[in-house]
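Coordinate analysis (summary)
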Number of protein chains: 2
Amino acid sequence: MTPVYTISELAKEFKITTRAIRHYEDVGLLSPQRDGINRLFGNRDRARLKLALRARRLGISLAEIHELFDLYDNAGNERRKLEGLLAKLERHRIELEQRSEDIAAMLDEFAFFENQCRRSLAGSHRQTVETKPA
Amino acid sequence: MTPVYTISELAKEFKITTRAIRHYEDVGLLSPQRDGINRLFGNRDRARLKLALRARRLGISLAEIHELFDLYDNAGNERRKLEGLLAKLERHRIELEQRSEDIAAMLDEFAFFENQCRRSLAGSHRQTVETKPA
DNA sequence: TATTACGTTGACGTTAACGTAATAGCAAAG
DNA sequence: CTTTGCTATTACGTTAACGTCAACGTAATA
């Protein structure tokens, strides 16, 4: 019933190498079951992998993700742990929001550059190669 | 008139080490003038540094930024180069937009986790530690 | 039964982005 | 005039995130 995936299936789906997946297991992000010696990944692992890949694309280290997973797994119903997790989550949220601003700023600059290009292409005006003004 | 900065001034402003700045120069991102042997950074360098740091925070490699700078500097008024630059810029823009989606997705997941935590904190319900449903 | 495909575990290699000395020059302050 | 502070260069060290063999087991297939 609950679907399972082989390592190469996941690799294909997420366009990464099997080596990368094994590496994620090495650092504790995944803990697939085994069919004898072969790995079998369930939905939980798939979800974690997905999350890990997203994080990596944002420059978040695997160690940080691992920490979050651990906190989440061990939170249970203990007040202290739950509050600690909440604090962590908020810090990450703030980080993400800052990066969102970074992206917005970069998109702005890129738009500026694109406009410069288009202007140069449109007319052959005099144009100095300089960086965007403050 | 046009302000100049010492290496440590920039380092302080952007909260990085002087070593990092020298490294950025090593890889060709900055090309400060010299007062004898000492570096003097102008506004152009400051702007580039700022951009480089933003990019780094988003996981964009210094090499990629360097490439963009080079393209931009050498574009001049040559149609081919300008169009090449535009193409690069667009690819980066798309990348950034995808990362923006990544952030949105992660923020969503974090919100989900936070809610779980809060629910656990509110009542002491039975609660299984599992990963977010597909 | 030999080939092909996919899986495994080591274990060393690589790249990026700096960190971290070590050593030394110069300039103002005590 | 020496200590303090900033600067410089050279060069080896470090960490993360895999890449890249090597050497092997297993299972379906020609």
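Since the structure is predicted, the reported quantities are computational estimates derived from the model, not experimental observations. (Residues numbered from 1 in each chain as written. Chains lettered and ligands numbered in written order. Predicted model: local features only at pLDDT ≥ 70, side-chain atom pairs only at ≥ 80, totals over all residues.)

Now for the interface of chain A and chain B. With 44 residues of chain A at the contact, the number on the chain B side is 43 residues. Breaking the side of chain A that touches chain B down by element, the ones donating at least two residues are α3 (43–57), α4 (62–75) and α5 (79–122) of chain A. The element that contributes the greatest number of residues to the side of chain A that touches chain B is α5(A), accounting for 22 residues. Class assignment of the residues belonging to the side of chain A that touches chain B gives a composition of 21 nonpolar, 10 polar and 13 charged. (Contact = placed C-beta atoms within 7 Å. Helix = DSSP H or I, 4+ residues; strand = E, 2+ residues; numbered from the N terminus. Nonpolar A, V, L, I, M, F, W, Y, C, P; charged D, E, K, R; others polar.)

What follows covers the domain arrangement of chain A. Taken domain by domain, chain A consists of domain 1 (1–59) and domain 2 (76–134). Using only C-alpha atoms to locate each centre, domain 1 of chain A and domain 2 of chain A end up separated by 30 Å. (Domains from an automatic or database assignment.)

Our next topic: the relation of the copies chain A and chain B. It takes a turn of 180° to lay chain A on chain B, together with a shift of 0.0 Å along the axis; the resulting RMSD is 0.1 Å. Here the transformation between the copies is reduced to the relation of a two-fold axis. Proximity to the rotation axis, assessed at the C-alpha, singles out A:G59 in chain A; its C-alpha lies 2.4 Å from the axis. Counting the interface residues of chain A, we find that 98% of their copies in chain B are interface residues as well, pointing to one common contact surface. (Least-squares fit on C-alpha atoms with pLDDT ≥ 70 in both.)

Okay, the protein's contact with DNA strand C next. Around DNA strand C sit 16 residues in total, of which A:S8, A:R39, B:A20, B:S61 and B:L62 are the nearest. Listing elements by their share of the surface near DNA strand C, those giving two or more residues are α1 (7–14), α2 (18–26) and β2 (38–40) of chain A together with α2 (18–26) and α4 (62–75) of chain B. Ranked by the residues each element gives to the surface near DNA strand C, the list is headed by α2(B), at three residues. Partitioning the surface near DNA strand C into residue classes produces five nonpolar, seven polar and four charged. (Near = placed C-beta within 6 Å.)

A few words on the protein's contact with DNA strand D. Near DNA strand D lie 16 residues; those nearest to it are A:A20, A:S61, A:L62, B:S8 and B:R39. Taken together, the elements giving at least two residues each to the surface near DNA strand D come down to α2 and α4 of chain A together with α1 (7–14), α2 and β2 (38–40) of chain B. At three residues, the largest contribution of residues to the surface near DNA strand D is made by α2(A). In the surface near DNA strand D, the residues fall into five nonpolar, seven polar and four charged.

Before going further, it helps to examine helix α3 (residues 43–57) of chain B. Taking 1.5 Å of rise per residue, 15 residues should cover 21 Å, and α3(B) covers 21 Å from first to last C-alpha, within 8% of that figure. For α3(B), the complete set of buried residues consists of B:D45, B:R46, B:R48, B:L49, B:L51, B:A52 and B:A55. In this structure, the buried side of α3(B) is in contact with α5 of chain A together with α1, α2 and α4 of chain B. The positive-phi residue at the C-terminal boundary of α3(B) is B:G59, with phi of around 80°. (Expected span 1.5 Å × (residues − 1). Buried ≥ 20, exposed ≤ 12 C-beta atoms within 10 Å, placed from the backbone.)

One non-glycine residue, A:K15, adopts positive backbone phi at about 55°. Along the chain, the position of A:K15 falls in the loop between α1 and α2.

This part covers the packing of α5(A) against α3(B). Relative placement of two packed helices is described by the angle separating their axes and the distance separating the axes. At a closest axis distance of 10 Å, the pairing of α5(A) and α3(B) adopts a crossing angle of 130°. Considered as vectors, α5(A) and α3(B) are oriented oblique to each other. Handedness of the crossing formed by α5(A) with α3(B): left-handed. Residues A:R99, A:D102, A:A105, A:M106 and A:E109 of α5(A) touch α3(B), and the partners they reach there are B:L51, B:R54 and B:R57. Here the residues of the contact of α5(A) with α3(B) sort into three nonpolar, no polar and five charged. (Axes fitted to C-alpha atoms, helices over the stretch in contact; angles between N-to-C directions. Parallel < 35°, antiparallel > 145°, perpendicular 65-115°, else oblique. Left-handed = near helix turned anticlockwise from the far one by under 90°.)

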